[in-house]
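Structural description and commentary
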Amino acid sequence: MESYLTREGFEALQNRLNYLKTDKRNEVAKKLQAAREMGDLSENAEYDSAKDEQTVIETEIAEIEHKLRTSKIIEENEIDTSKVSIGCLVKILDMEFNEELEYKIVGSSESDPKNRLISNESPVGAALLGRSEGDVVDVRTPSGVLKFKIISITR
């Protein structure tokens, strides 16, 4: 499945990558140097801890570089608001609780439901994709079927 990023998500990943490659790598290098100066590395917990941290950082760097290289960037000015698509801000009405909710549909790597960013692969995101204002959407979730009415679609 193709991976998507909004422009904001792409820039946030670039910033994170830059931070990891500069600040975090330098911080870990200093920890490794300090641990080496303590002597015997075979029983040096600080050295082992710094090596573990280095592995975590290098893994995250590789994952971010892969996402940046392989994801399609959704440009805000290219978003068609006649139907729900990735990058859209969707206002919906939860028909059971008569509550308005607003979500931005994003690619899975940007998903952050606490901040109202839902993945196009999530049950709600997938059900909304391709639908129009006024549509009533049934969303199958682990807790049952939810009904939402699409109130508005914006950029």
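This one's a predicted model, so the numbers in the text were calculated from it and none came from an experiment.

Brief notes about the overall build of the protein
For the protein, the count of helices and strands is 3 helices and 7 strands. Reading the secondary structure of the protein in the N-to-C direction produces β-α-α-β-β-β-β-α-β-β. The C-alpha radius of gyration of the protein comes to 21 Å, more than 25% above the 15 Å expected for a compact globule of 155 residues. Overall, the C-alpha framework of the protein stretches about 70 × 35 × 25 Å when taken along its three principal axes.

Notes on unusual backbone geometry
With a phi angle near 50 degrees, Asn98 is a residue other than glycine that sits in the positive phi range. Inspection of the secondary structure puts Asn98 in the loop between β3 (89–94) and β4 (99–106).

What to know about the pairing of β4
Pairing analysis gives 6 bridges linking β3 to β4, with the strands arranged antiparallel. Note on β4: the bridge partner recorded for Lys91 is Glu102. Remark: 4 residues form the turn of the hairpin made by β3 and β4, two consecutive strands paired antiparallel; Asn98 in that turn has positive phi of roughly 50 degrees. Bridge analysis of β4 against strand β5 (residues 117–119) gives 3 bridges, and the strand direction is parallel.

A short note on the environment of Glu8
Its place among the elements puts Glu8 in helix α1 (residues 7–36). Taking the C-alpha atoms as reference points, Glu8 and Lys104, separated by 96 residues in sequence, lie 12 Å from one another. Not counting chain neighbours up to four residues away, the residues in contact with Glu8 comprise Glu76 and Lys104. Within the local environment of Glu8, its side chain forms a polar contact with the side chain of Thr6, the two groups lying 3.3 Å apart.

A word on α1
Think of an α-helix as turning once every 3.6 residues; residues three or four places apart then point the same way. Under the 1.5 Å per step criterion, the end-to-end length of α1 is 42 Å for 30 residues, consistent within 8% with the ideal 44 Å. At Leu20, α1 is deflected by roughly 35 degrees, the largest bend along its length. Of the residues making up α1, those classed as buried are Gly9, Phe10, Leu13, Leu17, Leu20, Lys24, Val28, Leu32 and Ala35. Along its buried surface, α1 packs onto β1 (4–6), α2 (45–70) and β2 (72–74).

Points about α2
With 26 residues, α2 ought to run about 38 Å at 1.5 Å a step, and its terminal C-alpha atoms sit 38 Å apart, in line with that. For α2, the elements touching its buried residues are β1 and α1.

A word on the sheet that holds β4
Judged by pairing direction, the sheet is mixed, and its 5 strands sit side by side in the order β5-β4-β3-β7-β6 without closing on themselves. With partners counted over all chains shown, the strands left at the sheet margins are β5 and β6 (136–141), one partner each. Neighbouring strand axes in the sheet, compared pairwise and without regard to direction, differ in orientation by 45 degrees on average.

A look at the pattern of salt bridges
Per the counting criterion, the structure on display carries 12 salt bridges. Lys31 serves as the salt-bridge partner of Glu53, at 2.9 Å between the closest nitrogen and oxygen. With Glu53 in helix α2 and Lys31 in helix α1, this pair connects stretches of sequence that are 22 residues apart. Between Arg116 and Glu102 there is a salt bridge; the shortest N-O distance is 3.3 Å. Residue Arg116 is found in the loop between β4 and β5, and its partner Glu102 is found in strand β4; the two are separated by 14 residues along the sequence. The partly exposed category is assigned to Glu102, whose relative accessible area is 26%.

Cut-offs applied
- Residues numbered from 1 in each chain as written.
- Predicted model: local features only at pLDDT ≥ 70, side-chain atom pairs only at ≥ 80, totals over all residues.
- Heavy atoms only, no water.
- Helix = DSSP H or I, 4+ residues; strand = E, 2+ residues; numbered from the N terminus.
- Rg over C-alpha atoms; globule rule 2.2 N^0.38 Å.
- Pairing = 2+ DSSP bridges.
- Contact = heavy atoms within 4.5 Å.
- Polar contact = N/O pair within 3.5 Å; in protein donor to acceptor, adjacent residues only side chain to side chain.
- Expected span 1.5 Å × (residues − 1).
- Bend = angle between axes of the 7 residues up to and from the residue.
- Buried < 20%, exposed > 50% of the residue type's maximum accessible area, 1.4 Å probe, protein only.
- Axes fitted to C-alpha atoms, helices over the stretch in contact; angles between N-to-C directions.
- Salt bridge = Lys/Arg side-chain N within 4 Å of Asp/Glu carboxyl O.

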